[in-house]
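Each chain, written out:
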Amino acid sequence: MASNDQILVEEKSSVRKFTLNRPKQLNVFSPGMVSRFPELYAACAKDSSVKLIILKGKGRAFCAGGDVAAAFRAIAQGGWRSGADFFRKGFTMIYVVATHNKPQVSIVNGLVMGGGASAAIHGTFQVVTENTLFAMPETALGSFPDLGASYYLSRLPGFFGEYLGLTGARLNGAEMLACGLVTHFVPSAKLSLLEEALDKVDTSDPYVISSTISKFSEVPSLKEKSAYHRLNIINKCFSQRTVEEIIAALEEEAALHKEDWISFSIKSLRKASPTSLKITLRSIREGRLQGISQCFVREFRMICHIFRAEISKDFYESCAIGKGSKS
């Protein structure tokens, strides 16, 4: 599929709709998509007739992240700098979203992971549904949540961001709304009506756009076993200074509370790359004190060190055995 076909563009009066179109690959960002994305957003920035951008994915995923296989091939052919160049374009793509002068509504009606989550969350508004499933699986892949993830994870309530970033725990749409990762929950049956309404707003006024989305939105109840109900225990454990202390605190809680999320957290942390866990924890902690530009610069430097593999080769080992997508 040509790169131009991998992002479908639709013009609706003052709205530009960009649809990620690699459904068989869960809309993972290809090198062509990463290059074209900034071009599309630059055109919108210069066009005074464009008031709003809508970003969505075709099929059952919004976006499952970046094409790690492509990065791995680039490194194999041209060394770590080639991989860094691929990710530099990815960082540029998401930074454009985060700093764009036109508001963006991200419609996340399906799977969203890694860099896909950053593409959605760094937009102005995020709409999730009962079909949404979020995860940041990077520590299991020898890497860390990047593309500005340390900025938004660190700003979640308490230490919930550390919990998500370290364990790779999954959230549904209701949980994403409750913790503040997204702005709105709209049932999937109402998405077509929502888009029709957004087509007619003809303004970049955030209040008007938010009010329009709110006409279709709901506040769903969390499932009884949602880990977000146990934010007090999460804060107690994930506020610890080191990864080792976090695991020890979770094990103490496991002896007191037989809850699935605690046992899942312990298993995930023990299976993850030890180096990735340590740098992820530090990254989120530093992100809490930094602005968005600082987070992007620092994270890009970090990913370069991952590619150089001077401290750990966990990223290359995970790629070699064919584990999923990330970025």
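Basis of the calculations
Residues numbered from 1 in each chain as written. Predicted model: local features only at pLDDT ≥ 70, side-chain atom pairs only at ≥ 80, totals over all residues. Heavy atoms only, no water. Pairing = 2+ DSSP bridges. Helix = DSSP H or I, 4+ residues; strand = E, 2+ residues; numbered from the N terminus. 1 Å grid on protein atoms, 1.4 Å probe; cavity = no way out; pocket = protein on both sides within 12 Å on 5 of 7 lines; lining within 4 Å. Points joined across faces, edges and corners; volume = space filled by probe spheres on them. Nonpolar A, V, L, I, M, F, W, Y, C, P; charged D, E, K, R; others polar. Buried < 20%, exposed > 50% of the residue type's maximum accessible area, 1.4 Å probe, protein only. Arc of directions from axis to C-beta. Expected span 1.5 Å × (residues − 1). UniProt positions renumbered as here; feature names shortened; annotations may be inferred.

**Description of the sheet that holds strand E4 (residues 61-63)**
As a general point, the strands of a sheet are linked pairwise by backbone hydrogen bonds and lie either parallel or antiparallel.
Step number 1: Read from one edge to the other, the open sheet built from 4 strands follows the order E4-E6-E8-E9, with strand pairing classed as mixed. The open sheet has two edge strands with one neighbour each: E4 and strand E9 (171-172).
Step number 2: Inspection of the sheet shows strand E8 (residues 133-135) paired to E9 by 2 bridges, in the antiparallel sense. When the bridges of E9 are listed, Phe-134 appears paired with Leu-171.

**Considering the layout of surface pockets**
Step number 1: As a volume, the largest pocket reaches approximately 870 Å³.
Step number 2: Taken together, 36 residues make up the lining of the largest pocket; nearest its centre are Ala-135, Gly-168, Ala-169, Arg-170 and Phe-264.
Step number 3: It is helix H13 (residues 260-271) that contributes the most residues to the lining of the largest pocket, 6 residues altogether.
Step number 4: Residue composition of the lining of the largest pocket, grouped by class: 18 nonpolar, 9 polar and 9 charged.
Step number 5: In this structure, the second largest pocket occupies an estimated 340 Å³ of space.

**Here's the deal with helix H3 (residues 68-78)**
Step number 1: All of the buried residues along H3 are Val-68, Ala-70, Ala-71, Ala-74 and Ile-75. Looking straight down H3, one finds that the buried residues subtend no more than 160° of arc, so they occupy a single side. Away from its buried face by more than 90 degrees, H3 exposes Ala-76 and Gln-77.
Step number 2: After H3 finishes, the residue Gly-79 shows a positive phi value of roughly 85°.

**Describing unusual backbone geometry**
Step number 1: You will see that Ser-13, though not glycine, has its phi angle at about 45°, which is positive.
Step number 2: By the secondary structure assignment, Ser-13 is in the loop between strand E1 (7-12) and strand E2 (15-20).
Step number 3: You will see that Asn-27, though not glycine, has its phi angle at about 60°, which is positive.
Step number 4: Checked against the element boundaries, Asn-27 lands in the loop between E2 and helix H2 (31-46).
Step number 5: Residue class for Asn-27 comes out buried when judged on its relative accessible area of 0%.

**Brief notes about helix H4 (residues 80-99)**
Because an α-helix packs 3.6 residues into every turn, residues spaced three or four apart end up facing the same way.
Step number 1: In a regular helix each residue adds 1.5 Å, so 20 residues correspond to 28 Å; H4 covers 28 Å between its end C-alpha atoms and thus fits that length.
Step number 2: For H4, the set of buried residues is Gly-83, Ala-84, Phe-86, Phe-87, Gly-90, Phe-91, Met-93, Ile-94 and Val-97.

**A few points about the UniProt feature "domain: Enoyl-CoA hydratase/isomerase" (unreviewed entry) in the chain**
Step number 1: Feature annotation in UniProt places "domain: Enoyl-CoA hydratase/isomerase" (unreviewed entry) on residues 16-318, given in this structure's numbering.
Step number 2: For residues 16-318, the end-to-end C-alpha separation is 38 Å, with 54% helix and 11% strand making up the annotated structure.

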